[in-house]
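Below are the chains, spelled out letter by letter.
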2 protein chains.
Amino acid sequence: MAPTPAWVKQLKPSGPQGSELLAAERASSDIPVKKLEQLLFTQEVIDRRQKILGILKAEPVFDKSQNYFSGRTERFERALAREKRLRLLKAKYNWSTDEFRTALDLIGEPGPYGLHDSMFVITINEQGTPEQHEEFLKLAQQYKIIGCYAQTELGHGSNVRGLETTATWDPTDKTFVLHSPHLTASKWWIGSLGRTANYACVMAQLIINGKSYGPHPFIAQIRDLKTHEPLENIHVGDIGPKFGYNTMDNGFLLFNKVKIPHGNMLARFSKVDPETGKYARQGSPSLIYGTLTWVRSSIVMQAGSILARGVTIATRYCAVRRQFQDRDAPAGEKGENPVLNYTMVQIRLLPLLAATFALHFTGKAMMDLYSENQKRMNEKSASRDSGKRGAGPEETEAGSDILADLHASSCGLKALSSTIAAEGLEVCRRACGGHGYSSFSGIGPWYADYLPTVTWEGDNYMLTQQVARYLLKSARSVLNNEKPINDTTRILSHFRSRSEIGCAFDIIGSDTDLVAAFAWRASFLTFEALKHRDTEKKPWNDLLVDFYRLAKAHSQYMVVKNFYEALQTPETKAGLDEGALEVLTKLFRLYALHTLEQEGSEFYASGACSKHQIMLARTNAVMKLLKDIRPHAVRLVDSWGFDDWLLDSSLGRADGKVYEDMFYRASELNPLNGITVDPYPESEVLFRKVETRSKL
Amino acid sequence: MAPTPAWVKQLKPSGPQGSELLAAERASSDIPVKKLEQLLFTQEVIDRRQKILGILKAEPVFDKSQNYFSGRTERFERALAREKRLRLLKAKYNWSTDEFRTALDLIGEPGPYGLHDSMFVITINEQGTPEQHEEFLKLAQQYKIIGCYAQTELGHGSNVRGLETTATWDPTDKTFVLHSPHLTASKWWIGSLGRTANYACVMAQLIINGKSYGPHPFIAQIRDLKTHEPLENIHVGDIGPKFGYNTMDNGFLLFNKVKIPHGNMLARFSKVDPETGKYARQGSPSLIYGTLTWVRSSIVMQAGSILARGVTIATRYCAVRRQFQDRDAPAGEKGENPVLNYTMVQIRLLPLLAATFALHFTGKAMMDLYSENQKRMNEKSASRDSGKRGAGPEETEAGSDILADLHASSCGLKALSSTIAAEGLEVCRRACGGHGYSSFSGIGPWYADYLPTVTWEGDNYMLTQQVARYLLKSARSVLNNEKPINDTTRILSHFRSRSEIGCAFDIIGSDTDLVAAFAWRASFLTFEALKHRDTEKKPWNDLLVDFYRLAKAHSQYMVVKNFYEALQTPETKAGLDEGALEVLTKLFRLYALHTLEQEGSEFYASGACSKHQIMLARTNAVMKLLKDIRPHAVRLVDSWGFDDWLLDSSLGRADGKVYEDMFYRASELNPLNGITVDPYPESEVLFRKVETRSKL
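The name recorded for chain A in an unreviewed UniProt entry is Acyl-coenzyme A oxidase, from Corynespora cassiicola Philippines. The record held by UniProt for chain A lists under Cofactor (unreviewed entry) the comment "FAD".

So, the sheet that holds strand β4 (residues 187–190) of chain A
If you trace the three strands from one edge of the open sheet to the other, you get β4-β8-β7 (chain A), paired in antiparallel fashion. Only two strands of the sheet have a single neighbouring strand rather than two, namely β4 and β7 (234–238) of chain A. Between one strand axis and the next, the sheet turns through 15° on average, direction left out of account. Bridge count between β4(A) and strand β8 (residues 251–255) of chain A: two bridges; the pairing is antiparallel. From the neighbouring strand, K187(A) faces β8(A), where its bridge partner is L253(A). The sheet contacts of helix α24 (residues 658–669) of chain B involve β4, β7 and β8 of chain A, and relative to β8(A) the element is tilted by about 100°.

What to know about unusual backbone geometry
Residue and element names in this part refer to chain B. Its identity is not glycine, yet K174 carries a phi of approximately 55°, on the positive side. For W189, which is not a glycine, the phi torsion comes out positive at approximately 70°. Among the secondary structure elements, W189 is positioned in strand β4 (residues 187–190). Take W189: its relative accessible area is 16%, and that puts it in the buried class.

What about the domain arrangement of chain A?
Residues and elements named next belong to chain A. Assigned domains of chain A: these are domain 1 (117–282) and domain 2 (291–381 + 392–638). The partner domain 2 presents ten residues to the seven residues of domain 1 that form the contact. Both faces considered, domain 1 and domain 2 share a buried interface measuring about 600 Å² in area, 62% of it formed by carbon and sulfur atoms. On the domain 1 side of the contact with domain 2, S158, F243 and Y245 bury the most area, a combined 65% of that side's loss. Summed over the shared surface of domain 1 and domain 2, the result is zero salt bridges. Run the count over domain 1 and domain 2 and you get one residue pair in polar contact (both at pLDDT 80 or more). Among the residues forming the side of domain 1 that touches domain 2, the class breakdown is two nonpolar, three polar and two charged.

A short note on the packing of aromatic side chains
Enumeration according to the criterion identifies 54 aromatic pairs over all chains in this entry. Measuring from centroid to centroid gives 6.1 Å for F243(A) and Y447(B), while their planes differ by 50°, and the two rings are tilted. Of this pair, F243(A) sits in the loop between β7 and β8 while Y447(B) sits in helix α13 (residues 443–450), which puts the two residues in different chains. Like F243(A), the residue Y447(B) is buried in the burial classification. Judged by centre distance (5.4 Å) and plane angle (80°), the rings of Y245(A) and W456(A) are edge-to-face. Remark: W456(A) occurs in the loop between α13 (443–450) and α14 (460–479) and Y245(A) occurs in the loop between β7 and β8; sequence separation between them is 211 residues. Residue class for Y245(A) comes out buried when judged on its relative accessible area of 16%. Here a set of aromatic residues connected by ring pairs shows up, and it is made of W189(A), F243(A), Y437(A), Y447(A), W189(B), F243(B), Y437(B) and Y447(B).

Conventions and cut-offs
- Numbering of residues begins from 1 in every chain and follows the order in which that chain's sequence is written.
- Whichever chain is written first becomes A and whichever ligand is written first becomes 1, with later ones labelled in order.
- Owing to the predicted nature of the model, reporting of local features is limited to residues with pLDDT of at least 70; listing and counting of side-chain atom pairs is limited to 80 or more, with chain, interface and lining totals taken over all residues.
- Side-chain numbers come from the whole structure's heavy atoms, not from hydrogens or water.
- UniProt positions are given in the numbering used here, feature names are shortened, and annotations may be inferred rather than shown by experiment.
- Here, any two strands with at least 2 DSSP bridges between them count as paired.
- What counts as a helix is a DSSP run of H or I of at least four residues, what counts as a strand is a run of E of at least two, and both are numbered from the N terminus.
- For helices, the axis comes from a line fit to the C-alpha atoms of the stretch in contact; other axes are also lines fit to C-alpha atoms, and the angle between any two N-to-C directions lies between 0 and 180 degrees.
- Residues count as neighbours in contact if any of their non-hydrogen atoms are within 4.5 Å of one another.
- For the exposure calls, accessible area comes from a 1.4 Å probe over protein chains only, and a residue counts as buried if that area is under 20% of its type's maximum, exposed if over 50%, partly exposed in between.
- What marks off one domain from the next here is an automatic or database domain assignment.
- A quick way to say it: buried area is the sum, across both parts, of accessible area lost when two parts are put together, with a 1.4 Å probe.
- What counts as a salt bridge is simple: a side-chain nitrogen of Lys or Arg found within 4 Å of a carboxyl oxygen of Asp or Glu.
- Here a polar contact is taken to be a pair of N or O atoms separated by no more than 3.5 Å, where protein atoms must pair a possible hydrogen donor with a possible acceptor and residues adjacent in sequence count only if both atoms sit in side chains.
- Three classes are used: nonpolar for Ala, Val, Leu, Ile, Met, Phe, Trp, Tyr, Cys and Pro, charged for Asp, Glu, Lys and Arg, and polar for all others, with Gly counted as polar.
- Each Phe, Tyr or Trp ring (for Trp, its six-membered ring) is paired with any other whose centre lies within 6.5 Å, and the angle between the two planes then decides the class: stacked below 30 degrees, edge-to-face above 60, tilted in between.

Set out below in structure tokens:
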């Protein structure tokens, strides 16, 4: 590659430098960045992040400088090398689970061991017997075997009951025969399977004596432990390139009547008697129900931080990028305007900035509620049967009211929050103008890797049906005059008691009224949907669009409510001075009023607001809030505490040197500049490549 | 790579085959696919497409099978090879411009000669003198020199006046000195510049005797014509990887006081006298204004086809993909439901299907209007001065009323249509569930390549200011009781004359009323914005959000109006039977009512509809239209006539063999399956690669 000439190296960006502009932004606000960061994460987490960051930066294998340039194979190879190194570091430094997760977050790319650590090990742990833990779990924890979780198939995703892979009990030799009867039975999308895993936890239809007992988990070895070649009658490989996530080897897997021992069916919750061939359940695996709720709650909390990464990059760049003069600026003020001053940029970025906090606090509240409920259930269970394991089936009954509510909430909020984060990242990318399209913006690659979240752990559209089903059930209990047992039934009861009288919320003057308006609209839509289903007997399929809207409305209510409540806690009030708290409260209002205005016709139809109020929210309140929050934007994103190493973005650099960094990456790191082409169509060879140029 | 074993090769997808399902879809509708395709494109275009397709398919260099797997460098190299081959084919078959463009469309990737053919050649042609045509144009047309158009800089995109590159007149040797005074002056994003071009048309601030005359175009050689190495004091290269468009070498370019001859300033519209150093304009380059309008109109028309590609893929796949049983289905009907039967899928795909036609007809109407106006202006001009060239400055004055309206319309519609297409493609991708994320869906890569369109040729947000400015001006003329001179002033006048009385549109029962409701809302927002600006004297910056909404409303009106009008033409009525026309009319209604419902609060606020009408549109009319259009969906997408070779999509295959194709690409084409890894963290080497496996 040609070196950058000296006359280029001495050039600087014109006008005020990025570093000066960001310094001025930071000087114009008194948001206490460190305190806010502590409130979001705790000092313990911040210190942990710094410690791990220091270790990773010192290791050459984690150098990110070629990430954006590499092709698929190279990226996968490097990702695997990083995963390996990470496990050695984990052992060397004796990292806790939290420390290890922090390292994964900082590296910021899906890794080929991903599904081993999460799904393979966890499934054996949760669904295996003590004997199976002895046989498989130990080896897995020591990386002597590398596994994956093979559920999804080429023909079946969301509908798990429709899986086609079979595990047929063979009483003659006491084995299960794994088989893929059709092409669509091929396991597909299985993370870590394509090239890395030598074991798989396979979800297959259990068949005994011709009768199907539904999908069950089986442990199967798929590759030789020495040569790493596939075993006989197993066809396995990587499924090919994807929109993102290309550091992960999502794989396919087919079985041609492969026998596995009786002991390979994970048997904590159901087993086949090896002598009689009789099938028996032992309790329901309700724990998994809880695990899914936990996973979805963590997606909600992550969504805030995922989005914050894009908002940080776009906000900093829009404070550095200057374009055009203000049309109404006095003749004397000739300089170009930072684009963050334009209201059309503010209306795109600042509600997303507000959303980062809204999602973070909502996710945190859900995870706290989940932990608290688990604790209470464990205590109850322990007091009943102190000899039992902590997470047996009985516990769920004890806390089932809260768990059912939490389950429905987690479905709705997973869908809403991941949609906000994914679509918000794209808004951030576009707000960076042309440079947002460069990989060096750091937003595009991040967006592409995040995007599967809107589909997995429950497709965002499918999930809304579960929310609606729960809300309809809750509304029926209210119509039956049952006593409210949780927040959902409470707001529905309240709505019902007032539906004749109507409401008069002061959405602009009162924060509690603003929250109440969201509850009102969600309740209105719930009873409307119930009427369509129960009274008018409309087909379920005809109501899917209504259900989707209903689930969205209910989830938006929960986000608004949780954001508001998070600002009232003693913890928050002690952690921040009054000025900072006021800015956060304005972010809450911006989030709520901007959402309300976007969904104006539903609020209006429900009677929660008047047409005039919605107009006022749009033209006055939101615009005023943008103006008030604008000076604090850079400090607010600073409080998320993203290190430049994590962001890996020219545009989002904390020091504002955006143009220098863009130029450096293009001119010094870009391997395409190492080839010289023959540009003429009629040249003898179609394409002639001159290897690395020797001189400028 | 391991061969696919025989026992895998014999497997078929389970249940009804994709081919059977698509055949059944096609049998359930009587849409005359060929006739509709003729109406959209004409038989001439269809025949041309088929002819070129046959030629391209026969050439190995255009084989697409490795496109999705290749890394950046490899993709660029192959793209350049294709570009070269294409020019040889063009000469061999003596292709017309239309035939050549058809070939480019079918190949479907940005190519490294792209900006040579479009901007470099066109700019010299339009802005060069006959002498300059002699010197540069001929060589460029013969690909003896390869050029690009270097306008955008690292620090300046939309604001062309802010460009920093200078061209300083040196009277001592009668040259211009090209110079990049700052890092931000580096040309950036310049297509074809990174590796391919050896010439550039450089937009630079013309400076004579210390005075700046604004940006002007200069022709500069940048690389040696033999070695292809950069010339002295020029630093040029590729700017690095992007979200998409990676077959194109977008480049950077810096000058260190590089001298170019006097004759290299394109001098048709302005020149510097080489003797006196005096600057002179000769007419305004108003042609460029027209060219931009033409480019934007063509973006509108393309948007329909761009989106149709995604809608075709998603519709076919959703007809083949079956998941879950209908909840309300009788116990006997056990089969899984094609997901296209779910209303939640229909509400996402069918309005987009309607949008493909809406955008196509709108773009077509605009291009017709543009051509007609150009023709009229040329005739007027010719009758005035038969000795003059056809596109001099005077002509624009003659047709300026229409051209100004067309210019504003093209700005608003470019923004609206490219946003609909880009965001619609992502909706299509998600409607394909998990498989939408695979590159083999064909949607993701296509979306990624299309995305710059929302930013270039006028950033979609920036453009809305131009529309608003024009609408405010038109509204002022109406308030001044000037006579309406075009459709815009006509609808504004109508609104003004009726604003006291109000309106009573039957949006559900009458198609003309539906169009009128869109005109009413756009007019209402125009006069509201005018009040804010002229009466309340609000700052321009405070109104940007209102302007954005206004431009969107006006553009939506134009799309709805043009779609409606296209269905009333004799050409349409002659081309289609009554049944097909009725389905297209339903698509029009779906597009209009779905848009109206999405923007409900604005329609309501303007008084164009009642709350009850909006509710009815949502719950009754739209849902009914989905049901009516559903059976025709596959035939309607068939009528776009995309060949499988063009779509390059497993999910969108015309024969429905989606799973077979997904599997084939993963199992037989995927190069990642050629490497075998060592999966253990503690292995001596971090990563060990076993070259191509020899046996299964």
